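The residues making up each chain are set out below.
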Amino acid sequence: MNHTSYHVPVLKEELIQIAKTHIQEKKDIFIVDGTLGDAGHSIALLNTFPYAQVLALDHDSEMIHRASKRLQIENFSVIHSQISEQESTQANHPPYSHREKQGTKLPISLWNHSFHRLPEILSGKHQKADLILLDLGVSLYHLKEAGRGFSYQDECLDMRFHKGCQMKASDWINHSSAKELASIFSTWGEEPYSYRIAKKIIENRPFDSARELATLIMRNVPPVKQSSRNRKYSGRRQRKIHPATRIFQALRIAVNDELRILDQAMRELPSILSYGGILAVISFHSLEDRIVKHRFREIGLPVGKVSKRIKKESDSKDFVILTNRPIRPQEEETNQNPASRSACLRVLMKKMPSQGIPSSPSRKYLL
Ligand SMILES: C[S@@+](CC[C@H](N)C(=O)[O-])C[C@H]1O[C@@H](n2cnc3c(N)ncnc32)[C@H](O)[C@@H]1O
């Protein structure tokens, strides 16, 4: 594997800066990378906190394999772990019970599971996470090499992150009714031409290749303008995106049940944060970001200037939203890595037991 083909981690500097600000002073730092990918973020975090204990997950076994190889090439030791199904929810091979002396580098424990199963992995252990990172979506490997139809290549229309998903994208496309397809496209792709595309698919199916599907869509709908969220980050120019972008997004969400998993994770992951621990989520489209934003607002209070009403509520909430506005990549990053263009980082922190919300933003809380 060529070194340059690794996924480029987005908003890496911003994430490291936040981690340094908030967890630097902690002892025995415990970091969870819920979306390991090519381990770019994990490596950056380990370079910043060399003695941290890192537990990393990826739903895709190929990603675990790639990351494991890369980590070893870069002189990190790894342990492959898994939830033991026989022992129901008990995790086997729990590296965190072998905590070694401070000053000793610990192996990174790799888990081929979805991040929404983290509470299960940590169940029965008295360990809380100081940092949980979710960097949602697909990696460069999925788009360029996996051969599973994530991009518009002549590849089978699969789109599963892991084989446990019952239906491939081609199953949805070839067996759903026009009404079902239109609903998938409009709900999970926010596609304005959803019914027109669904009808064309029904007339022309079966489809087995991602390229065939993308070509049909391209022939039947005009190019779609970039959403306002993205436009903001590509300067004043209006970027046109491939007409199949929204349909492919919708199919990937449907195949991998992505939004339900994210919603469940947003409900459960805050409870496994340590006091002062942070949950950082990088999303790439508005449907993901909406789930993160709403959940953070439900359980957290915004940092900084707050109204009297919010001040009153502060005792009843256990979390602080560190990013009143999401953090976006700088122009330099989007120029170097156009895939980062739509990235959006939100961060939630678990308050110390007696901590209110700071009345004005301070360096401690903001970037
Ligand atoms: C954008 S990539 C992460 C890239 C990584 N941060 C890096 O620096 O290389 C997203 C990764 O999340 C994985 N993924 C997607 N859904 C997941 C889930 N529910 N649980 C665990 N991993 C998931 C994908 O397989 C993919 O490898």
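Just so we're clear, the structure is a prediction, and the values are computed from it rather than from any experiment.

About the criteria used
Residues numbered from 1 in each chain as written. Predicted model: local features only at pLDDT ≥ 70, side-chain atom pairs only at ≥ 80, totals over all residues. Heavy atoms only, no water. Buried < 20%, exposed > 50% of the residue type's maximum accessible area, 1.4 Å probe, protein only. Helix = DSSP H or I, 4+ residues; strand = E, 2+ residues; numbered from the N terminus. Arc of directions from axis to C-beta. Contact = heavy atoms within 4.5 Å. Polar contact = N/O pair within 3.5 Å; in protein donor to acceptor, adjacent residues only side chain to side chain. Near = heavy atom within 4 Å. Areas by Shrake-Rupley, 256 points an atom, 1.4 Å probe, with all protein chains shown as cover. 1 Å grid on protein atoms, 1.4 Å probe; cavity = no way out; pocket = protein on both sides within 12 Å on 5 of 7 lines; lining within 4 Å. Sits in = over half its atoms within 2 Å of the grid points. pLDDT = per-residue confidence, 0-100. Phe/Tyr/Trp six-rings, centres within 6.5 Å; stacked < 30°, edge-to-face > 60°. Lys NZ or Arg CZ within 6 Å of the ring centre and 35° of its normal. Pairing = 2+ DSSP bridges. Right-handed = clockwise from strand over helix to strand, strands pointing away.

(A) View of helix 9 (residues 210-220). All of the buried residues in helix 9 are Ala210, Leu213, Ala214, Leu216, Ile217 and Asn220. Across the axial projection of helix 9, the buried residues extend over an arc of 160°, all falling on one side. Elements that come into contact with the buried residues of helix 9 comprise helix 6 (169-175), helix 8 (194-204) and helix 11 (245-256). N-capping of helix 9 is provided by Ser209, with a side-chain oxygen placed 3.1 Å from the backbone N of Arg211.

(B) Examining the site of the ligand more closely. The ligand sits among 25 residues. The nearest are Asp38, His41, Asp58, Phe115 and Asp135. One nitrogen or oxygen atom from the main chain of Phe115 is found 3.0 Å from a nitrogen atom belonging to the ligand. Here Asp135 contributes a side-chain N or O atom positioned 2.8 Å from a nitrogen atom of the ligand. Within the complex, the protein chains bury 97% of what would otherwise be the 600 Å² of accessible surface of the ligand. Taken atom by atom, the bulk of the ligand overlaps the largest cavity.

(C) Quick peek at the confidence of the model for the protein chain. Summarising the model, the protein chain shows a mean pLDDT of 87, and 82% of its residues fall at 70 or more. A low-confidence stretch, residues 86-101 stays under pLDDT 50, and its non-local contacts, those more than four residues away or across chains, total 37 contacts. pLDDT under 50 marks residues 230-237. Its contacts with residues more than four places away, or in other chains, come to 9 contacts.

(D) Fine view of the packing of aromatic side chains. For the coordinates displayed, the defined rule picks out 2 aromatic pairs. Measuring from ring centre to ring centre gives 5.6 Å for Phe150 and Phe161, while their planes differ by 25°; the resulting arrangement is stacked. Residue Phe150 is located in the loop between helix 5 (140-144) and helix 6, and its partner Phe161 is located in the loop between helix 5 and helix 6; the two are separated by 11 residues in the primary sequence. Across the pair, Phe161 and Phe150 agree in class, each one buried. Ring plane angle 80° and centroid distance 4.8 Å describe the contact between Tyr152 and Phe248, whose orientation is recorded as edge-to-face. Within this pair, whereas Tyr152 is found in the loop between helix 5 and helix 6, its partner Phe248 is found in helix 11, the two being separated by 96 residues in sequence. On the basis of relative accessibility, which here comes to 26%, the residue Tyr152 falls in the partly exposed class. Using a relative accessible area of 5% as the deciding quantity, one classes Phe248 as buried. We note Arg70 situated over the ring of Tyr6; from NZ or CZ to the ring centre the distance is 3.9 Å. Here the basic side chain of Lys350 rests over the ring of Tyr275, its NZ or CZ set 5.0 Å away from the ring centre.

(E) Local environment of the pairing of strand 1 (residues 30-33). Of the two faces of strand 1, the one carrying Phe30 and Val32 and the one carrying Ile31 and Asp33 are both buried. Inspection of the sheet shows strand 1 paired to strand 2 (residues 53-57) by 4 bridges, in the parallel sense. Counted as the bridge partner of Asp33 is Ala56 from strand 2. Remark: the strand 1/helix 2 (residues 40-48)/strand 2 crossover connection has right-handed handedness. Bridging between strand 1 and strand 5 (residues 129-135) involves 3 bridges; their strand directions are parallel. By the bridge assignment for strand 5, Val32 is matched with Ile132.

(F) Summary view of the side chain of His41. As for its position among the elements, His41 is in helix 2. Relative accessible area serves as the criterion here: at 4%, His41 is assigned to the buried category.

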